[in-house]
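# Fold and contact review
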Amino acid sequence: MTTQNELTVRYGAAVMNTFGTPRLVLAKGEGATVWDADGNEYLDLLGGIAVNLLGHAHPALIEAVTQQLGTLGHVSNFFTSGPQVELAERLLALLGQDGRVFLSNSGTEANEAAFKITRRTGRTHVVATEGGFHGRTMGALALTSKAAYRDPFAPLPGDVTFVPYGDAAALEAAVTDQTAAVVLEPIQGEAGVNVPPSDYLARVREITSRHGALMWLDEIQTGVGRTGRWFAHQHPGLAPEPVTPDLITLAKGLGGGLPIGATIALGAAGDLLQPGQHGTTFGGNPVATAAALAVLRVAEEESLLARAEALGERLRAGLADPRVSEVRGLGLLIGLDLAQERSAEVAAAALGAGFIINNPTPHRIRLAPPLVLTDAQADRFLAAWPGILDQAGLEA
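Residues numbered from 1 in each chain as written. Predicted model: local features only at pLDDT ≥ 70, side-chain atom pairs only at ≥ 80, totals over all residues. Heavy atoms only, no water.

Now for the packing of aromatic side chains. A complete count under the given rule lists four aromatic pairs for this structure. When the centroid spacing of 5.7 Å and the interplanar angle of 70° are considered together, the rings of Y165 and Y200 count as edge-to-face. One end of the pair, Y165, is in the loop between β6 (160-163) and α8 (168-174); the other, Y200, is in helix α9 (residues 200-211), with 35 residues separating them in the sequence. Y200 shares its class with Y165; the two are buried. Here the aromatic residues F355, F381 and W385 are joined through ring pairs into a cluster of three or more. One residue, K28, lies across the ring of W35, its end atom 5.0 Å from the ring centre. (Phe/Tyr/Trp six-rings, centres within 6.5 Å; stacked < 30°, edge-to-face > 60°. Helix = DSSP H or I, 4+ residues; strand = E, 2+ residues; numbered from the N terminus. Buried < 20%, exposed > 50% of the residue type's maximum accessible area, 1.4 Å probe, protein only. Lys NZ or Arg CZ within 6 Å of the ring centre and 35° of its normal.)

Below you can see the structure in the form of structure tokens.
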């Protein structure tokens, strides 16, 4: 049997060093539990960074992929397939809007397509937010504010202005009649789960509409039930009155672990891209779209959106501790601020105790577990939480 250490050494010799040394070599998973190559067990509270909505090895996902692969695995986009059409229709139905859907392979590709749509307005100026993350390809990176990601690849495409997240007055000052679009996340994930003021999305819609700009919501991390609604912008905590954007991008949880992205253009925005102006080889392939349909079906049949909302409240309440200065989020997208900049130590202590969590910044922890996480599993983590903080050396 190949050990974890052996595989890590081989990884370092053969895999491009873009991620550094992996923390674990994972060998199998079931539900919200994973095992490493040495047989050690962990509770996965990150879900592949908000991807594994149904956890690992869900029977419905296995069945959907196996059945589809046994009939039709790939077709070029000279043709279509039933799952591709059905998924596009299903996403529009969940929004309750008319529009068009472009299917791709990832979140950054979904954002690339949306970026190209903004150029079809005849304008080039885009306003994005500080702390936002939209992907690593050159176009998506141009919309991502973090200097460490951007600087090695400058100059980037664009005519992009960054404004503070959640600050409607700053947005008002930046948007003009030459602005093509405003792009933002309903809740910022990579930055550590930043939740905006409750009137912010409505203000964004009003400002963009007044200037004839597109409102583009990146729901790659927040979509598909993660916050307790199919789309985070539908959550009354973020938009007390309904808000209809022009563009929505999805990925991550949509495929339940299979690579898929979706760019949804509503209303007139759905007609901006015309034949020959964009394309993909694997996007919308039958296997990935069958997987996505299975994810949506199971989420509905098993009431996983309500589950995310209830379990999220349970976790947020249980994470409160004198060494935690703030806990925030919606559904099962949860962020917290530590009283000291020891998030790396907390993540390491959690891993040592058998829990996978994420430290996106020196003082922040992020949780995005599968929506199938059980009450007992959540309670096991909460019972261990004070000890994890102790082990990490945090002081009250």
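Resuming the write-up.
Quick look at the pattern of salt bridges now. Under the counting rule described, the total for this entry stands at 18 salt bridges. A salt bridge links E301 to R297; its shortest N-O distance comes to 3.5 Å. With E301 and R297 both in helix α10 (residues 286-301), this residue pair falls four residues apart, about one helical turn. The exposure class assigned to E301 is exposed, which follows from its relative accessible area of 56%. Ionic pairing is found between R314 and D375, a salt bridge with its closest N-O pair at 3.7 Å. With R314 in helix α11 (residues 304-318) and D375 in helix α13 (residues 375-391), the pair connects residues that are 61 residues apart, well separated along the chain. Residue classification places R314 among the partly exposed residues on the basis of a relative accessible area of 35%. Its relative accessible area of 29% is what places D375 among the partly exposed residues. (Salt bridge = Lys/Arg side-chain N within 4 Å of Asp/Glu carboxyl O.)

With that settled, the discussion passes to the environment of A13. As for its placement among the helices and strands, A13 is situated in helix α1 (residues 4-14). Residue class for A13 comes out exposed when judged on its relative accessible area of 72%. Note: C-alpha distance between A13 and H363 (350 residues apart in sequence) is 32 Å.

Look at the link from A154 to P155: it is a cis peptide, with omega at 0°. In this model, A57 sits at a positive phi of 60°, which is unusual for a non-glycine residue. Along the chain, the position of A57 falls in the loop between α2 (47-50) and α3 (59-69). Positioned with a positive phi, S303 is a non-glycine residue whose angle comes to about 50°. With respect to the element layout, S303 can be found in the loop between α10 and α11. What makes S303 partly exposed here is its relative accessible area of 45%.

On the secondary structure map, R328 appears in strand β11 (residues 324-330). For R328, a relative accessible area of 8% puts it in the buried group. In this structure the side chain of R328 is engaged in a polar contact, spanning 3.0 Å, whose partner is the backbone oxygen of G192. Among the polar contacts made by the side chain of R328, one reaches the main-chain carbonyl oxygen of V193 at a distance of 2.6 Å. Excluding anything up to four places from it in sequence, R328 contacts G192, V193, N194, R316, L333, I334, G335, L336, D337 and R364. (Polar contact = N/O pair within 3.5 Å; in protein donor to acceptor, adjacent residues only side chain to side chain. Contact = heavy atoms within 4.5 Å.)

Keep in mind these values describe shape, not function.
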